[in-house]
Amino acid sequence: MKPFSYHCATDAGDALSHLSGSSAAAFLAGGTNLVDLMKEDVMSPAEVVDISRLPLGGITVTDEGGLRLGALETNAATARHPEVVSRYPLLAKAILAGASPQLRNRATNGGNLLQRTRCPYFYDVQLPCNKRLPGSGCPAREGYNRNHAILGTSEHCIATHPSDMCVALSALDAVVVLEGAGSSRSIPITGFHRLPEDEPHRDTDIRADELITAIELPSKGFPENYQYLKIRDRSSYAFALVSVAAAIEIEDGMIADARIALGGVAHKPWRKEEAEALLVGGPPSALAFDKAATALLGGAEARTFNAFKIPLARAAITRALADACHLMTK
Ligand SMILES: Cc1cc2nc3c(=O)[nH]c(=O)nc-3n(C[C@H](O)[C@H](O)[C@H](O)COP(=O)(O)OP(=O)(O)OC[C@H]3O[C@@H](n4cnc5c(N)ncnc54)[C@H](O)[C@@H]3O)c2cc1C
Ligand code: SF4
């Protein structure tokens, strides 16, 4: 680990003043990802700005009837909050599918959004990697790419986004609330994370001098018909090979609204409105789920070691939709 200076921020303005104009500073929240990256020299901020004591925790109902999740609320407290459990059980289930109880007790909601990819080449500073060192190359394309993306890749990067929580937040149409020096803004989470294109070093559209203060959920939480299905190598403490967040609204036996987001398959949680539209207006059925899966996976591209992800994702999508609609599957 390279030497760095440490500052414990007293308020948001103080935290932001340490970041503005300096790409060499990084916020420290729970530290479960940043500290690992610093130990491996993947990230070497000259200054660590500790935001963990700022009053950015808590979970409150918004004026619009939605829910505001504080950026510094822990993943564990968020998953067990009564409003989340009763109104957004999809989110609770996705959070609990991630990491371990010890990590969730420490990890924050803001930090979860900004966790970096688990591509092994990104973590090995002896090797090139366009995400870590722009322009150096992407050894994963021709290397060991079992965990890598099948959708939305570019010639510069085929990494996946590792979060479970963000997949559910994407299906729920959450909004990320940001504060910068003298201004604040909100970004729908579906537009917050980026595809790699020719700038794989940029995971999200957050600016270098912005702080995540909250994540807001709209009032609709799909508490009746939902599923978060995570397929991984171990049944616990492993990142998703493929995950599916399915949120369905059924009225009079017909699908009135449908959201499907995929994890483990792209550089961001993967949604396609046309796949969701195929489900709306008809009854839940295996045929409809299969058509939605085909649309969602359109353009999927396998590399040497990850071809299994395409049929796996198809099976996971149809299974998650059937579970969400309480249909029996074989
Ligand atoms: C062994 C292990 C297994 C894991 N398994 C899973 C898993 O299965 N599924 C899953 O989803 N996750 C998993 N995780 C990841 C874990 O969820 C994240 O490390 C955690 O959510 C990050 O939150 P943090 O508060 O610790 O962030 P930090 O490590 O403190 O920060 C992460 C990044 O976010 C930035 N940041 C943090 N807060 C803010 C803010 N408010 N505003 C702006 N920038 C901010 C930091 O500067 C840093 O760049 C695992 C982690 C480990 C170590
Ligand atoms: S997939 Fe992305 S993160 Fe992995 S080596 Fe290639 S550029 Fe780096």
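Above: the structure in question.
Computed from a prediction, not measured in an experiment: that's the story for all the values here.

(A) Just the overall build of the protein chain, in detail. Regarding its fold elements, the protein chain presents 12 helices and 11 strands. Computed over its C-alpha atoms, the radius of gyration of the protein chain comes to 20 Å, within 12% of the 20 Å expected for a compact globule of 330 residues. In terms of overall dimensions, the protein chain has a C-alpha envelope of 60 × 50 × 35 Å along the principal axes. Expressed as a percentage of its 330 residues, the buried residues of the protein chain come to 53%. Carbon and sulfur atoms make up 53% of the accessible area of the protein chain, which amounts to about 14,400 Å² in all. In the protein chain, which carries 33 positive and 37 negative side-chain charges, the distance between the mean positions of the two groups comes to 7 Å.

(B) Structural context of the sheet that holds strand 2 (residues 25-28). Taken together, 3 strands build an open sheet; the order of strands is 1-3-2 and the sheet is parallel. The open sheet has two free edges, formed respectively by strand 1 (5-8) and strand 2, since each of these has just one partner strand. Sheet twist, expressed as the mean angle between neighbouring strand axes with direction ignored, is 25 degrees. Where strand 2 lies against strand 3 (residues 47-50), 4 bridges are found, and the strand directions are parallel. From the neighbouring strand, Phe-27 faces strand 3, where its bridge partner is Val-49. Strands in contact with helix 1 (residues 12-19) are strand 1, strand 2 and strand 3; relative to strand 2, the strand with the most contacts, it is inclined by about 150 degrees.

(C) Expanded view of the side chain of Thr-204. When you line up the elements, Thr-204 lands in the loop between strand 7 (183-188) and strand 8 (210-217). Taking relative accessible area as the criterion, Thr-204 reaches 7% and is therefore assigned buried. Among the polar contacts listed, one links the side chain of Thr-204 to the backbone nitrogen of Ile-206, at a separation of 3.2 Å. When residues no more than four places from it in sequence are discounted, the contact partners of Thr-204 are Leu-113, Leu-114, Phe-192, His-193 and Arg-194.

(D) Representation of the site of ligand 2 within the structure. Around ligand 2 sit 14 residues in total, of which Cys-119, Cys-129, Cys-138, Cys-157 and Ile-158 are the nearest. Residues belonging to the shell around ligand 2 are distributed by class as follows: 10 nonpolar, 3 polar and 1 charged.

(E) Examining the pattern of salt bridges more closely. Following the criterion strictly, the structure yields 23 salt bridges and no others. The salt bridge partner of Glu-83 is Arg-87, with a shortest N-O separation of 3.0 Å. Here Glu-83 pairs with Arg-87, and both are found in helix 4 (residues 82-87), just 4 residues apart, close to one helical turn. Overall, the relative accessible area of 25% leaves Glu-83 in the partly exposed class. A salt bridge links Lys-220 to Glu-249; the shortest N-O distance between them is 3.1 Å.

(F) Representation of the sheet that holds strand 11 (residues 254-263) within the structure. Taking strand neighbours across the sheet as the criterion, the 3 strands line up as 9-10-11 in an open arrangement whose pairing is antiparallel. With partners counted over all chains shown, the strands left at the sheet margins are strand 9 (225-231) and strand 11, one partner each. Taking each pair of neighbouring strands and ignoring which way they run, the sheet shows an average axis angle of 10 degrees. The pairing of strand 10 (residues 242-251) with strand 11 spans 9 bridges and is classified as antiparallel. Looking at strand 11, one finds that Ala-246 is bridged to Ile-260. Packed onto the sheet, helix 12 (residues 309-324) meets strand 9, strand 10 and strand 11 and runs at close to 30 degrees relative to strand 10.

(G) Looking closely at unusual backbone geometry. For Ala-99, which is not a glycine, the phi torsion comes out positive at approximately 55 degrees. Structurally, Ala-99 is set in the loop between helix 5 (89-96) and helix 6 (101-106). Even without glycine at this site, His-326 takes up a positive phi of about 55 degrees. For His-326, a relative accessible area of 57% translates into the label exposed.

(H) Fine view of the nonpolar core. Formed by 35 residues in total, the largest nonpolar core has its most connected members in Leu-69, Leu-91, Leu-113, Leu-169 and Leu-217. Breaking this core down by element, the ones donating at least two residues are strand 5 (67-70), helix 5, helix 9 (165-171), strand 6 (175-180), strand 8 and strand 10. No other element matches the 6 residues that helix 9 contributes to this core. With residues up to four places along the chain from it excluded, the contact list for Leu-169 reads Leu-69, Leu-91, Leu-113, Ala-174, Ile-189, Ile-215 and Leu-217. In terms of nonpolar packing, the next biggest core, distinct from the first, is built from 31 residues, Ile-248, Ala-258, Ile-260 and Leu-262 among them.

(I) How the structure looks around the site of ligand 1. Close contacts around ligand 1 come from 31 residues, with Phe-27, Gly-31, Thr-32, Thr-108 and Asp-164 the closest. Note that an oxygen atom of ligand 1 is positioned 2.9 Å from one of the backbone N or O atoms of Ala-29. The side chain of Lys-230 places a nitrogen or oxygen atom 3.0 Å from an oxygen atom of ligand 1. Starting from 970 Å² of accessible surface for ligand 1 in isolation, the protein chains cover 93%. Where the shell around ligand 1 is concerned, the elements lending two or more residues are helix 2 (34-39), helix 7 (109-113) and strand 8. Partitioning the shell around ligand 1 into residue classes produces 15 nonpolar, 12 polar and 4 charged.

What counts, and where the lines are drawn
- Residues numbered from 1 in each chain as written.
- Chains lettered and ligands numbered in written order.
- Predicted model: local features only at pLDDT ≥ 70, side-chain atom pairs only at ≥ 80, totals over all residues.
- Heavy atoms only, no water.
- Helix = DSSP H or I, 4+ residues; strand = E, 2+ residues; numbered from the N terminus.
- Rg over C-alpha atoms; globule rule 2.2 N^0.38 Å.
- Buried < 20%, exposed > 50% of the residue type's maximum accessible area, 1.4 Å probe, protein only.
- Areas by Shrake-Rupley, 256 points an atom, 1.4 Å probe, with all protein chains shown as cover.
- Lys, Arg positive; Asp, Glu negative; His and termini not counted.
- Charge placed at Lys NZ, Arg CZ, Asp CG, Glu CD.
- Pairing = 2+ DSSP bridges.
- Axes fitted to C-alpha atoms, helices over the stretch in contact; angles between N-to-C directions.
- Contact = heavy atoms within 4.5 Å.
- Polar contact = N/O pair within 3.5 Å; in protein donor to acceptor, adjacent residues only side chain to side chain.
- Near = heavy atom within 4 Å.
- Nonpolar A, V, L, I, M, F, W, Y, C, P; charged D, E, K, R; others polar.
- Salt bridge = Lys/Arg side-chain N within 4 Å of Asp/Glu carboxyl O.
- Core = buried A, V, L, I, M, F, W, Y, C linked by side-chain atoms within 4.5 Å.

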